[in-house]
Amino acid sequence: MAAIEVKDVSFTYPTAEGQALDHISFGVEEGEFLVVCGKSGCGKSTLLRHMKKKLIPYGMMEGEVCYYGKNVTELEDRVAASEIGFVSQNPDNQIVTDKVWHELAFGLESLGLSNEIIKRRVAEMASFFEIQSWFRKDVVTLSGGQKQLLNLASVMVMQPKVLILDEPTSQLDPIAASEFLKTVYKINQELGTTIIISEHRLEELFTMAGKVLVMDRGKKVALDQPEHIGMKLAKEHNPMFYGLPAISKIYAKTREKGLDPYLVNGQEKPPLTILEGKRWLKQILGDKTYSAPSFTTGEREKKDVVLEVKDVYFSYSKHQEPVLRGLNLSLEKGQLYCLLGGNGVGKSTTLKSICGIVEPQSGHITISGKEMKKKHRNDFFPGSLAMVPQNPQSLFTEITVEDELLEVVLPMKISDEEKVSMVEEMLEKMELSALRENHPYDLSGGEQQRLAIGKILLLKPKILLMDEPTKGLDPFFKRTLAGILKDLTKEGMSILMVSHDVEFCASYADRCAMFFDGEITSEGEAVPFFAGNCFYTTGANRLLRNWFPDAVTWESVVRRLVHE
Amino acid sequence: MKFLLEGLGESAGFQKVHPMVNVIFYVLVIVINIFSNDPVFLATAFLCAWFYTVILGGVKTMKINLLITLPVAVMMTAINGFFSHNGATVLFFINNNRITLEAFLFGISSACLCVTVILWLRTFQVIMSADKIIYLFGKIASVLGLTLSMVFRFIPLLKERYREIRMGQQCMGRHGKGSLIQQMRQLTKEISILISWSLEASIETSDSMEARGYGLPHRSQFHLFKFQKSDGRLLFVMLICSVIILPCCVLGYTNCYYYPVVRLKPWSFLKALAYLAYVCLMVVPMILDIRGERKWQQLKSKM
């Protein structure tokens, strides 16, 4: 009997026009690992929420969702709470209590278990998740990745048979995300728990998943083994194809163009990992080496430098190690500059010191020829400098999207007509016109991001700083965002962006820099920069670097392969 | 005695005792203190409480002790002295009002009582960590304990969010700029962001609670405290002491009269016994702390 069976489910939200779910049917066997993917707003969350009794959204529903043959809505509360676990996106909002140990025990307290049993189960889980060392800590002291692991552990402690995860890693950095997914995989493999997970970052999940469900506008587009999804979507020219991992895209596209398949024991097996991909390329390319790429390292046309950071040292207190150690950086007019690097290497501190929120102990920061000083920091805002914070919510004050934008222009000394036309223009540019009457909090993550950028752009800064703008965005909106940023740089705006997102930076940045231990260790134009890195580079480049080190994006890889 | 400089703080031995024992100690000590206004009893309690703050907070805590207690003491003595006209021994007249010695003495004694309670409460703060308080409230009703725990979670979260909002506003060039009225308006804006953000987030929190079975009947309360044998012994000592003192309190052996003239209860066997038991009760945590610290030092020197 299937662990979860979705039988012809359709769903409409009370005020919405279209259907959020449109006649969806599928089954998930016991112990299966199912990945659900699709654009944000395609109905993934709505679907997952229908599997958890207490989280079923209000609205018109047809069909039924069954848990081991029994309708989910008819399950006994105690069973529904403990046997089906649910973890959602935001690590902070899911935590209820102040201590790690108390959070772990929360679910078991609800079930009314005795102190001895709770203690035993909590101890088991803490050991399984390796969280003994922070067992007695306050939850505020944990990192984002630790918080999300805690959320997972405090669900697992109730010993669920089915675990549902709704974009659990979207707010985490790549390393924490990878660790989290490995833990989920371990749960699946070692405990046999059925896993249903929705996610945007698919590279790793494709190697773990038993099946992949692709959704688009509330409909089931495909449900297949991860190996076959790529070819299937490519054949159908489905736009969902662009959301797949690089290796699947490369394989499907080149197979379409007539390249030889990857054969294992005489049977075609589309590769899912870099290792398999390399074996495949070895089969078709052999040990041939190709002419080394010739990067035009010659003189670049120097443009005006709008932001210069020179020999900046900064430490938060006298007793602490400096966070910035002789940082040098220069941003030219019309450039999209990406600062990459791991956690806690000082990327955010760099942005703070450029904004004058903290003042470096030594060194200079010059913005459009004027030196930034904490005392005079307000002179730079908003004309020359503005920043989009990591959390768009931290900017929203009004009750509609339109008001939100109007709020920015209101204090400006221009006529009312001009103000209205500025807002109209921005709504158009950020593709928010259709949503103008919506409440900012009702927008999806990508739409909120657009609104925040729109607000900042109305201030007309010459330099735009962005802190992790691609966090939590789906691959489709990332393409839109890249288009918006490209347009802005064409208009002469300079953008400095801090990011973890290697693929995004490789595809769209003009210049990239690697930040490590308080300074920039390597810098260059996007392609030569990534071609020069061995590990810290895109999946496509790691796959092909033995043959074509200059192929950095998956499109360029496909082009080179087909060409040879 | 080196620890007296820095104070033991949360490493104190009494801190590691079961919260029930802690709370019984404080209830006993404070109740007995309130019903014993004999000068000897008052002075002893005051000294014990004072010394205990020093054990926990170090020598530097005496400055804070003085800052809190002196104003209270002076005010209470002065107010009672000048506004209460009871008492037989007239010192002088102000506007035909009798200012009596007894009124002053009564003022001093009630000030002493009040200050002692304050000092005990200062040590209470150190000894009773948030965890213990959550546990005790949870004993009354598990919802109370949970609510408290959620409050302790929420406060730092709010602070963190506000910091982020302020940073966001600073990056728009909006913070700390313009006239006072503009700045006030900016502050209300920031607070309104904070409120709507938190409300939005709390929807997700309540989802997470329901998903983990919140609202099912017969909720239990998990805690990490263990009632050990030593806790039992401690409780036994404390109860023996109070069984001696409390009846003496009721019978008035620990009291005295201030009006119309000061009349002390003469020392008797029972009064002496009650006094001894009272001192015993109050020094129990100190002995525990000092002994714990000694042992630790010995172990450290052997390592």
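Whatever comes next refers back to the structure up there.
A quick note: this is a predicted structure, and the numbers were derived from the prediction, not measured.

(A) Expanded view of the packing of aromatic side chains. This model, assessed by the stated rule, comprises 27 aromatic pairs over all chains. Note on Phe241 of chain A and Trp554 of chain A: the rings are 6.1 Å apart at their centroids and 75° apart in plane angle, and the pair reads as edge-to-face. Of this pair, Phe241 of chain A sits in the loop between α8 (226-236) and α9 (246-256) while Trp554 of chain A sits in helix α19 (residues 554-563), placing them 313 residues apart in sequence. Take Phe241 of chain A and Trp554 of chain A: they sit in the same class, and that class is buried. Here Tyr52 of chain B and Trp120 of chain B contribute two aromatic rings whose centre-to-centre distance is 6.4 Å and whose plane-to-plane angle is 55°, an arrangement assigned as tilted. Taken as a pair, Tyr52 of chain B in helix α3 (residues 39-57) and Trp120 of chain B in helix α5 (residues 101-127) lie far apart in primary sequence, 68 residues in all. As far as burial versus exposure is concerned, Tyr52 of chain B and Trp120 of chain B are alike and both buried.

(B) Just the nonpolar core, in detail. Residue and element names in this part refer to chain A. If you look at the biggest cluster of nonpolar residues, it comprises 81 residues, and the most contacted ones within it are Phe33, Phe129, Leu152, Leu163, Leu165, Ile250 and Leu561. Aside from chain neighbours lying at most four places away, what touches Leu152 is Val87, Phe129, Leu163, Leu165, Phe180, Thr183, Val184 and Ile187. By size, the runner-up hydrophobic cluster in this structure holds 50 residues, among which are Leu336, Cys338, Phe396 and Leu485.

(C) Representation of a positive patch on the surface within the structure. Residue and element names in this part refer to chain B. Taken together, Lys229, Arg233, Arg291 and Lys295 make up a surface patch of like positive charges. Contributions of two or more residues to the positive patch are made by α9 (229-251) and α10 (269-302). With respect to the element layout, Arg233 can be found in helix α9. On the basis of relative accessibility, which here comes to 56%, the residue Arg233 falls in the exposed class.

(D) Region of interest: the environment of Leu163 of chain A. Residue and element names in this part refer to chain A. Secondary-structure assignment places Leu163 in strand β7 (residues 162-166). Under the relative-accessibility criterion, Leu163 is labelled buried at 0%. C-alpha separation for the pair Leu163 and Phe86, spaced 77 residues apart in sequence, amounts to 6.0 Å. Filtering out sequence-adjacent residues up to four positions away, Leu163 remains in contact with Gly85, Val87, Leu152, Val155, Met156, Ile187, Thr193, Thr194, Ile195 and Ile196.

(E) Structural context of the pattern of salt bridges. Inspection of the entire model under this criterion finds 32 salt bridges over all chains. For Arg49 of chain A, the salt bridge is made with Asp207 of chain B, and the minimal N-O distance between the two is 3.1 Å. Of this pair, Arg49 of chain A sits in helix α1 (residues 44-49) while Asp207 of chain B sits in helix α8 (residues 180-211), on two different chains. Summarising the burial analysis for this pair, Arg49 of chain A and Asp207 of chain B share the class buried. A salt bridge links Glu103 of chain A to Arg212 of chain B, with the shortest nitrogen-to-oxygen separation between them at 2.7 Å. Placement of Glu103 of chain A in helix α3 (residues 100-110) and of Arg212 of chain B in the loop between α8 and α9 is noted, with the two residues assigned to different chains. We note that Glu103 of chain A, like Arg212 of chain B, is buried. A network of salt bridges, in which partner residues are shared, links Glu404, Glu407 and Lys455 of chain A together with Lys189 of chain B.

(F) Region of interest: a nonpolar patch on the surface. Residue and element names in this part refer to chain B. On the surface, Met75, Ile79, Phe82, Phe83, Leu91, Phe92, Ile94, Leu101, Leu105, Ile108, Val262 and Leu264 cluster together into a nonpolar patch covering about 1,100 Å² of accessible area. For the nonpolar patch, the secondary structure elements donating two or more residues are α4 (61-83), β1 (90-94) and α5. When residues in the nonpolar patch are grouped by element, the largest group, four residues, is from α4. Residue Val262 is classed as partly exposed on the basis of its relative accessible area, which comes to 36%.

Calculation notes
- Residues numbered from 1 in each chain as written.
- Chains lettered and ligands numbered in written order.
- Predicted model: local features only at pLDDT ≥ 70, side-chain atom pairs only at ≥ 80, totals over all residues.
- Heavy atoms only, no water.
- Phe/Tyr/Trp six-rings, centres within 6.5 Å; stacked < 30°, edge-to-face > 60°.
- Helix = DSSP H or I, 4+ residues; strand = E, 2+ residues; numbered from the N terminus.
- Buried < 20%, exposed > 50% of the residue type's maximum accessible area, 1.4 Å probe, protein only.
- Core = buried A, V, L, I, M, F, W, Y, C linked by side-chain atoms within 4.5 Å.
- Contact = heavy atoms within 4.5 Å.
- Patch = residues over 30% accessible without salt bridge, like charges linked within 9 Å, V, L, I, M, F, W, Y side chains within 5 Å.
- Areas by Shrake-Rupley, 256 points an atom, 1.4 Å probe, with all protein chains shown as cover.
- Salt bridge = Lys/Arg side-chain N within 4 Å of Asp/Glu carboxyl O.
- Lys, Arg positive; Asp, Glu negative; His and termini not counted.
- Charge placed at Lys NZ, Arg CZ, Asp CG, Glu CD.

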